[in-house]
Amino acid sequence: MPTSKQKPTYWDYLGLEQLLSLQDGLPDGEEPSADELHFIIVHQVFELWFKLVLREVRLARDAVSAELVQEESVPLVVRHLQRVAKIFEHSMSQWAVMETLTPQDFLAFRDKLVPASGFQSYQLRELEILLGLDPAQRESSGFGDPVRAIYELADDSSGGKVAMQSLQAAMKESSLADALNEWLYRTPIRASVPRDPGDPEVIESFIEEYLAAQSAHHESQARIYGSQGTVTAEEATQRLRKSLDETQAFLRATDIAGDGRQVRSRVRCALLFIESYRELPLLAWPRTLIDAIVDLEELMVLFRTRHVRMVERVIGRRMGTGGSSGVDYLEGTLKYRIFTDLWTVRTILLPRKALPELSNSEFYGFHASKESDA
Ligand code: HEM
């Protein structure tokens, strides 16, 4: 280590001596081949990106969690999230680098890795926890709980302890999804906020009017679909009625908070409100933040998708070194969604001209015409 009197150098600042001595692989005395070195470095690069991603997500979460989220702090949150999204976008090309490893190249050293696997990437699990992935979704993938698998290895090495402690600490933190929900909960809907005495009535009439508008829109949809002959008018009406019921269930969801507030319903109405009236100036930053989260989740799904296609190319459909069914297991993880409401709301959006008119749009900084300004 340099002493405080030495001039800074590039190598000391970046810890290059240590960094470049960390690619020896297993302590079996064998120097890794060029292919194995490649395999180790690509993994390490991903883990370094994960380290930065975790920092950025925590900063975004903290800024969204503030009691009063100032307008000017929203661009900062968006910047953190956009950096994360760009990292995942960029990492897509790293899978192509990984694919320069042919199946036979990998088979040459693969067996000695068993049972080590990316399944044990505790930073990816930490990220899932911090973002707010429901653990039940992992159970549905059919290959045990990766967090428990990491805990079971904690006593075997100092690395295992670090892995377990990192996950335990992350589980005590609030997630970005929770912070986002609390923030959405406070969104003014038709100029009303939760602390206003008449807020429940405003929300109820927002839901009522939205359902009426959707029902009217469905009538014209049933005519269009029915006239095209692919489905009968009755079939179209039936499907649209089902979707109206789904909208109703979505917007009138019963609560999760248990503290007497209608959190889930209000959060969903806020999302629908922001997405529907997204052009209103006061909604510009909220919608940009929501778009940034949708980008992030989409890119994470694409990251997983690209990984699984690379895996299929390199090992086919054989079992993974971690013991899962391999590609089949990984394909199950493509269904994971954290910000489910942000996706669901897209199904129930209406065209602008079919939306209920917003009576107090001036609250959101919108002036309909020059006359109304006068
Ligand atoms: C030749 C290269 C690779 C192959 C054949 C491969 C194969 C696999 C397989 C089969 C699994 C499922 C678990 C198992 O049974 O092992 C898995 C999981 C995983 N791999 Fe890879 N992998 C490769 C490269 C990478 C790289 C470079 C990363 C970068 C970090 C990575 C990250 C992960 C992660 C995070 C998981 C857990 C996914 C989840 O459970 O959600 N893999 N990999």
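For the structure given in this document, a descriptive report is provided here.

Examining the overall build of the protein chain
In terms of regular secondary structure, the protein chain is built from 17 helices and 0 strands. Across the 374 residues in the protein chain, those meeting the buried criterion constitute 22%. At a minimum sequence separation of 6, the contacts of the protein chain that also span at least 24 residues come to 69%.

Some remarks on helix α12 (residues 233–251)
End to end, α12 covers 27 Å across 19 residues, agreeing with the expected 27 Å (1.5 Å per residue, within 8%). Within α12, the full set of buried residues consists of A236, T247, F250 and L251. The buried side chains of α12 occupy one side of the element, clustering within an arc of 85° when seen end-on. Exposed residues lying more than 90 degrees from the buried face of α12 are E234, K242, D245 and A249. Buried residues belonging to α12 abut α11 (199–228), α13 (263–276) and α16 (340–347).

With respect to the packing of helix α3 (residues 34–65) against helix α10 (residues 176–185)
Packing of α3 against α10 brings their axes to within 9 Å, and their N-to-C directions diverge by 25°. In this view, α3 runs roughly parallel relative to α10, as classed from their interaxial angle. As α3 packs across α10, the resulting crossing turns out to be left-handed. Residues V57, A60, R61, V64 and S65 of α3 form the contact with α10, whose participating residues are L176, A179, L180, E182 and W183. When grouped by side-chain class, the residues that make up the contact of α3 with α10 number 7 nonpolar, 1 polar and 2 charged.

Considerations on the site of the ligand
Around the ligand, the surrounding shell holds 25 residues, and the nearest of these are S117, G118, G320, G322 and S324. Mapped by element, the contributors of at least two residues to the shell around the ligand are α3, α14 (284–315) and α15 (327–333). Take the shell around the ligand: its biggest share by element is 4 residues, from α14. Its residues placed into classes, the shell around the ligand shows 13 nonpolar, 12 polar and no charged.

Quick look at the nonpolar core
Within the largest apolar cluster, 47 residues are counted, with the highest numbers of intra-cluster contacts made by L81, L176, L180 and L272. Ignoring anything within four residues of it in the chain, the contact list for L272 reads Y210, L251, V345 and I348. Core analysis: the next-biggest nonpolar cluster, separate from the first, contains 5 residues, V308, V311, Y329 and L330 among them.

Description of unusual backbone geometry
Of note, the bond from V114 into P115 is cis; its omega dihedral lies within 30 degrees of zero at 5°. Even without a glycine there, the phi angle at R190 is positive, about 50°. Assignment of secondary structure puts R190 in the loop between α10 and α11. The buried category is assigned to R190, around which 20 C-beta atoms lie within 10 Å. If you check the backbone angles, A191 has positive phi at about 65° while not being a glycine. Relative to the assigned elements, A191 resides in the loop between α10 and α11. A191 gets classed as partly exposed once you count the C-beta atoms within 10 Å, which come to 15.

Digging into the packing of helix α6 (residues 122–131) against helix α9 (residues 158–172)
Helix packing for two helices is described by the angle between their axes and how far apart those axes are. Where α6 meets α9, the closest approach of the two axes is 9 Å, and the angle between their N-to-C directions is 5°. With respect to their mutual orientation, α6 and α9 come out roughly parallel. Contacts between α6 and α9 involve Y122, R125, E126, I129 and L130 on the former and, on the latter, A163, S166, L167, A170 and M171. Residues of the contact of α6 with α9, tallied by class, amount to 7 nonpolar, 1 polar and 2 charged.

Basis of the calculations
Each chain carries its own residue numbering, running from 1 in the written order of its sequence. A pLDDT threshold of at least 70 governs which residues receive local features in this predicted model, and a stricter bar of 80 or more applies before side-chain atom pairs are shown or counted, although totals over entire chains, interfaces and linings include all residues. Numbered from the N terminus, helices here are DSSP runs of H or I no shorter than four residues, and strands are runs of E no shorter than two. Any residue surrounded by 20 or more other C-beta atoms within 10 Å of its C-beta is treated as buried, while 12 or fewer makes it exposed and the intermediate range makes it partly exposed; C-beta atoms here are placed from the backbone. Two residues form a contact once the distance between their C-beta atoms, set from the backbone, is within 7 Å. Here, expected helix span is obtained from the residue count minus one, scaled by 1.5 Å. By arc we mean the arc of the directions from the helix axis to the C-beta atoms, nothing more. Orientation is described by lines fitted to C-alpha atoms, with helices fitted over the stretch in contact, and by angles between N-to-C directions that extend from 0 to 180 degrees. Roughly parallel refers to an angle under 35 degrees, roughly antiparallel to one over 145, roughly perpendicular to one between 65 and 115, and oblique to any angle outside these ranges. By definition, any crossing whose near helix is turned counterclockwise from its far helix by less than a right angle is left-handed, and any crossing with a clockwise turn is right-handed. Under the scheme applied, nonpolar residues are Ala, Val, Leu, Ile, Met, Phe, Trp, Tyr, Cys and Pro; charged residues are Asp, Glu, Lys and Arg; polar residues are all the others, including Gly. Put plainly, near means the residue's C-beta atom, positioned from the backbone, lies within 6 Å of the molecule or strand in question. Put simply, a nonpolar core is buried Ala, Val, Leu, Ile, Met, Phe, Trp, Tyr and Cys residues tied into one set by C-beta atoms within 7 Å.

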